Every structure is written in C-alpha cells, then in structure tokens.
Amino acid sequence: EVAAEAIERLAPSLVILLGQAGGRACVSVERVGINVDDARIADNAGWQPVDEPVAPAGPAAYFATVPIKAMVAAIRDAGVPAEVSNSAGTYVCNHLLYGVLHFLAASGRAARAGFIHVPWLESQAVARPGEPAMALATMVRAVEAAIAAALDTAVDAKMAAGKLD
C-alpha cells in the first residue's frame with residue numbers, strides 16, 4: 001500500500017525498487033515477480049505467510065517492465081558486476097515487485113517498474129565470514145547506471161545476461 005500511495009502521489013514514469021540479497025556477489029536485476037508469499041522466516045513485524053497469494057485475484061506472475069538486460073549492461077559498463085536474476089524470492093522483495101506491477105497493471109498507469117537486488121554491505125559481511133559484499137559507493141554507481149539505462153532504453157537489449165543456477 002505504501003508503494004501504491006507513493007506512485008499515486010508522485011505519478012512517476014519509472015519505479016525502481018531496491019532490496020538486499022545477502023549471499024549474492026553482484027547486483028541482480030530481477031526479471032519476474034510471482035504471485036506467492038512463502039516465507040521461511042518472519043519479517044520485522046513478525047508476519048510469516050506460507051503459500052499465500054500476493055494478490056488473490058492476480059495473475060501468476062508479472063514480468064518487469066523495465067529493460068532488464070540494458071540495465072545489466074549499463075551496470076557492467078559502470079564497472080560493477082551484474083546479472084539478470086529470474087527469482088526475486090518468495091517473500092518481501094518479491095511481494096513488493098509483484099505488488100507494484102499488479103498495482104500498475106490494475107490502475108492503468110503507464111509507469112515502468114523493476115527491482116534490483118544488491119549484496120551485503122562490507123560492514124554487514126564482517127559478521128558473515130566468506131559472504132560476498134560490496135561497497136555502498138559501488139552499489140550507488142550501479143543503481144544510477146541502471147536508472148539511466150531504464151530511462152534511455154525503450155526496447156530492451158537482446159543479450160545473454162542471466163545467472164547460472
């Protein structure tokens with residue numbers, strides 16, 4: 001609801017959502033949001049849905065409406081490792097991506113939307129030996145490059161950019 005209210009108030013042409021994916025070594029631009037919340041842990045408010053739809057009457061999934069591959073290319077051109085991710089997970093980050101895409105589709109708003117996952121900050125990785133991390137300034141450079149690409153690109157690039165799972 002918070003994101004929908006902000007979209008209604010600001011009427012943006014572009015919505016870029018951010019979340020953290022500890023354990024990922026690079027910036028990940030998400031391809032799809034799915035209509036399921038399935039949490040292995042509770043969120044900060046103690047909510048832990050299992051196999052619940054994000055939007056009960058919504059479709060199974062929405063593809064991001066931003067040029068994900070052009071964004072990945074721009075992030076890489078900025079000197080930051082990046083990939084297309086085919087899963088925003090099944091909880092908070094996915095809930096936000098799916099929820100915003102569903103709101104945009106249902107409301108008929110023309111804004112394009114997508115989600116970017118960033119790794120742990122270096123300061124967070126200190127408590128997680130062996131986990132990948134990234135400097136905040138590097139993440140900022142990546143997000144700025146992704147936004148610029150999303151604003152400048154009407155038709156996405158055709159290139160291999162997904163991660164190998």
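An account of the accompanying structure is given in this report. Predicted model only: the values in this text are computed from it and were never measured.

## Let's talk about the overall build of the chain
Tallying secondary structure elements over the chain gives 5 helices and 8 strands in all. The N-to-C order of helical and strand elements in the chain reads α-β-β-β-β-α-β-α-β-β-α-β-α. A globule of 165 residues ought to have a C-alpha radius of gyration of about 15 Å, and the chain, at 16 Å, matches this closely. With the C-alpha coordinates aligned to their principal axes, the bounding extent of the chain is approximately 40 × 40 × 30 Å. In the chain, buried positions account for 42% of the 165 residues. Accessible area for the chain stands at about 8800 Å²; split by element, carbon and sulfur atoms hold 57% of it.

## Thoughts on the environment of Ala150
By the element assignment, Ala150 lies in helix α5 (residues 136–152). Judged by its relative accessible area of 0%, Ala150 is buried. For the pair Ala150 and Ala61, spaced 89 residues apart in the sequence, the C-alpha separation amounts to 21 Å. Aside from chain neighbours lying at most four places away, what touches Ala150 is Leu14, Pro67, Met71 and Arg112.

Reading guide: rules and limits
Residues numbered from 1 in each chain as written. Predicted model: local features only at pLDDT ≥ 70, side-chain atom pairs only at ≥ 80, totals over all residues. Heavy atoms only, no water. Helix = DSSP H or I, 4+ residues; strand = E, 2+ residues; numbered from the N terminus. Rg over C-alpha atoms; globule rule 2.2 N^0.38 Å. Buried < 20%, exposed > 50% of the residue type's maximum accessible area, 1.4 Å probe, protein only. Areas by Shrake-Rupley, 256 points an atom, 1.4 Å probe, with all protein chains shown as cover. Contact = heavy atoms within 4.5 Å.

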